[in-house]
Amino acid sequence: MARRSGSGSSGRSTGRGATGRATGATPPDFGAPTGATKKARKRSGIPRWARWCTILGAILMVASGGLLVTSEALLARYEGAVTTEDLFGDGAAVEAKSDIKGPLNILLVGIDPRNATTLPLADSIMIMHIPAGLDRGYLFSLPRDLLVDIPPFPKSGYPGGREKLNAAMSHGARVSGGGLPDRAKGFELLSKTVSNYTGIQRFDAGAIVNFAGFKKIVDAMGGVTMYVDEDEVLSEHLQPNGKARPMKACQCGAHPYIGPQARYTKGTHTFKGWQALDYVRQRYTVEGGDYGRQRHQQQFVKAMVSQVLSKNVMTDLPKLDKVIRAAGEALVFNGRGHSVAEFGFALKGMRQDSITMIKLAGGGVNNSAGKYAGEALQQPVAQQFFNAIKTDKADAFVAAHPEMINRDK
C-alpha cells in the first residue's frame, strides 16, 4: 500500500472558502524545509499545421486544455467556446504589443468550485515555460501548501499576509458587499503572488481550468489511458462506483470520510473522467504527498496530449469536435491581447514529446508552536531554477540537473 508521506500530507490545506489570514505564529524563517521528508518530434500526419497548442497546453486539470488545431473551422469553433476574462487586471480591451515571441511563461490554475457562492481555491498551480525557439517547454508545479507572502490587494480589501499559496485566489476573489466571488480577480492576486515568489515578473498568458469540466473532456475522448506508478492509491473522496464516500456523523478530523474507497493499482489503465480526476487529486495515500500528486497531474497531462494527438481522436471528427467543445467549456483563458488562434500558430512547432516535466523538491515546515504550517521548496536549487527560467537558460540548467526531470514512469 502507498505510504502517507509527511511532505504535504501532515496538515490540511486552507479550507474551502477560507477568508482570513492563516492562524498560528509565524517563525522567523520559512525559507527551507526543516526536519521534513524530502522527495523530492514527431508530426501527426494531419493537415499541414495540425499541432498541439501548449498555450493552454498540456493542462487538463490543471490543467486542461491542450488545443488541437486541425482546421480553421475547428479552431474557430474552439475559440468560440472558450471563455475569456481579464485574469491579469490589464483592463477589458487589451491591445497586443507585438507578435508572440519567446521565451514565454504561462500560468495554469486548476479550481474545483463547489458552487457559485464558494470562494475559489487554487487546487493546482502549474507554470509552462517555453524557451525562445517556441518548439519545446518545461512544465512545473508549485505546491498549493507552499508558504508565501501574499501581497495586499485593495480590489478585494485583502491586507496581505503570509499564508499557503492556494489561499491567494480565495482572497483575491472576495467581492465587497457579499457579491458572488470574482475568479478573475482571484487569479490576478495569485499571479502577483507567484511572480513575487519566483521572480517571473510577467506571465504571457493564463488559464483557469474547471475540474468538473475536465471530466467532460476525458469522457468525450472515450477515456484516458495512463500508467499508475504506485502499488496502490486509495481515494479519499470516492467509492469504487464513483459516488461520494459518506462522511462521519461529526464530519470531524483530517479524514472525515468513511466506507469503501476507489482503488487504483500499479499498471496501465484506461480511466473514465471521474476516475482520472479522482486519481490525480489524491495526496494522502500517495508517496510524497502533494509532490506525488503533482507528478501524477503532470503524467496525466502528457497522457491526454498523446491521446488527443492519436489517430483515434484526430481522424474521428465527431469525437474531436466533442473534445474541442468540452475543452472550451472547461477553460477560462487570457492571452494578454492575443487570441487562442494566435498562440496556436505561434506554437505550431510544439510536439507531443517536447514537454519536459520538472519536479521541485521540498518538504513540510512547522510554525513556532511546532505544528505543521505548510511547505517550502529546497533551496538554493529552486531559486537557481527560477533564475534560469527568467534568463531563458532552462535548457542548460535542466541538462546539468537531470534529477529534476519527472519521468513518465
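Keep in mind it's a predicted model, so treat the numbers as computed, not measured.

A full pass over the atoms with the stated rule returns one disulfide. Between Cys 250 and Cys 252 runs a disulfide, and the two sulfur atoms are separated by 1.9 Å. Between Cys 250 and Cys 252 the disulfide shows an S-S torsion of about -55 degrees. By sign, it is left-handed. For Cys 252, a relative accessible area of 35% translates into the label partly exposed.

Attention shifts here to the pairing of strand β12 (residues 331-334). Both faces of β12 are covered, namely the face carrying Leu 331 and Phe 333 and the face carrying Val 332 and Asn 334. For strand β3 (residues 83-84) and β12, the ladder comprises two bridges, and the chain directions are parallel. Its bridge partner being in β12, Thr 83 is matched across the sheet by Val 332. Sheet topology places strand β9 (residues 205-210) next to β12; four bridges connect them, and they run antiparallel. Across the sheet, Gly 206 pairs through a bridge with Asn 334, a residue of β12.

The subject of this paragraph is the environment of Ala 262. Along the chain, the position of Ala 262 falls in the loop between β10 (224-234) and β11 (263-271). Contact partners of Ala 262, with chain neighbours within four places excluded, come to Val 233, Leu 234, Ser 235, Leu 238, Gln 239, Pro 240, Trp 274 and Asp 278.

Below, the discussion takes up the pairing of strand β15 (residues 372-377). A large share of β15 lies buried, amounting to six of its six residues. Here five bridges tie strand β14 (residues 362-366) to β15, and the two strands are oriented antiparallel to one another. Bridged to Val 365 within β15 is Gly 374. Count of turn residues in the β14/β15 antiparallel hairpin: five residues, of which Gly 370 carries a positive phi of about 85 degrees.

Any two packed helices are characterised by how steeply their axes cross, that is the angle between the axes, and by the distance between the axes. At a minimum axis separation of 8 Å, helix α4 (residues 211-220) and helix α5 (residues 273-281) run at an interaxial angle of 130 degrees. By the angle between their directions, the pair α4 and α5 is classed as oblique. Crossing handedness for the pair α4 and α5: right-handed. The residues of α5 that touch α4, namely those facing Phe 211, Phe 214, Lys 215, Val 218 and Asp 219, are Gly 273, Trp 274, Ala 276 and Leu 277.

Below, the discussion takes up the confidence of the model for the protein chain. The predicted model of the protein chain has a mean per-residue pLDDT of 78, with 78% of residues at 70 or higher. Scored below 50 in pLDDT, residues 1-70 makes 245 contacts in the model with residues more than four places away or belonging to other chains.

Let's shift gears to the pattern of salt bridges. Taken as a whole and assessed by the stated rule, the structure comprises 13 salt bridges. One salt bridge in this structure joins Asp 135 and Arg 136, with 2.6 Å as the shortest N-O distance. For Asp 145, the salt bridge is made with Arg 283, and the minimal N-O distance between the two is 3.1 Å. Separated by 138 residues along the polypeptide, Asp 145 in the loop between β6 (137-142) and β7 (147-150) and Arg 283 in the loop between α5 and α6 (290-308) bring together distant segments of the chain. Accessibility assignment for this pair places Asp 145 and Arg 283 in one class, buried. Within this structure, Asp 135, Arg 136 and Asp 395 form a network of salt bridges that share partners.

As enumerated under the stated definition, the model contains nine aromatic pairs in all. Plain terms: the ring middles of Tyr 197 and Phe 386 are 6.0 Å apart, the flat faces sit at 70 degrees to each other, and that makes the pair edge-to-face. You can see Tyr 197 sitting in helix α3 (residues 183-198) and its partner Phe 386 sitting in helix α10 (residues 381-390), a full 189 residues away along the chain. Tyr 197 sits in the partly exposed class, given a relative accessible area of 24%. The class of Phe 386 is buried, set by a relative accessible area of 0%. The interplanar angle of 45 degrees and the centroid separation of 5.8 Å between the aromatic rings of Phe 271 and Tyr 279 together place this pair among those described as tilted. Residue Phe 271 is classed as buried on the basis of its relative accessible area of 5%. For Tyr 279, a relative accessible area of 0% translates into the label buried. Taken together, the ring pairs connect Phe 140, Tyr 197, Phe 385, Phe 386 and Phe 397 into an aromatic cluster.

How each quantity is defined
- Residues numbered from 1 in each chain as written.
- Predicted model: local features only at pLDDT ≥ 70, side-chain atom pairs only at ≥ 80, totals over all residues.
- Heavy atoms only, no water.
- Disulfide = S-S within 2.5 Å.
- Buried < 20%, exposed > 50% of the residue type's maximum accessible area, 1.4 Å probe, protein only.
- Helix = DSSP H or I, 4+ residues; strand = E, 2+ residues; numbered from the N terminus.
- Pairing = 2+ DSSP bridges.
- Contact = heavy atoms within 4.5 Å.
- Axes fitted to C-alpha atoms, helices over the stretch in contact; angles between N-to-C directions.
- Parallel < 35°, antiparallel > 145°, perpendicular 65-115°, else oblique.
- Left-handed = near helix turned anticlockwise from the far one by under 90°.
- pLDDT = per-residue confidence, 0-100.
- Salt bridge = Lys/Arg side-chain N within 4 Å of Asp/Glu carboxyl O.
- Phe/Tyr/Trp six-rings, centres within 6.5 Å; stacked < 30°, edge-to-face > 60°.

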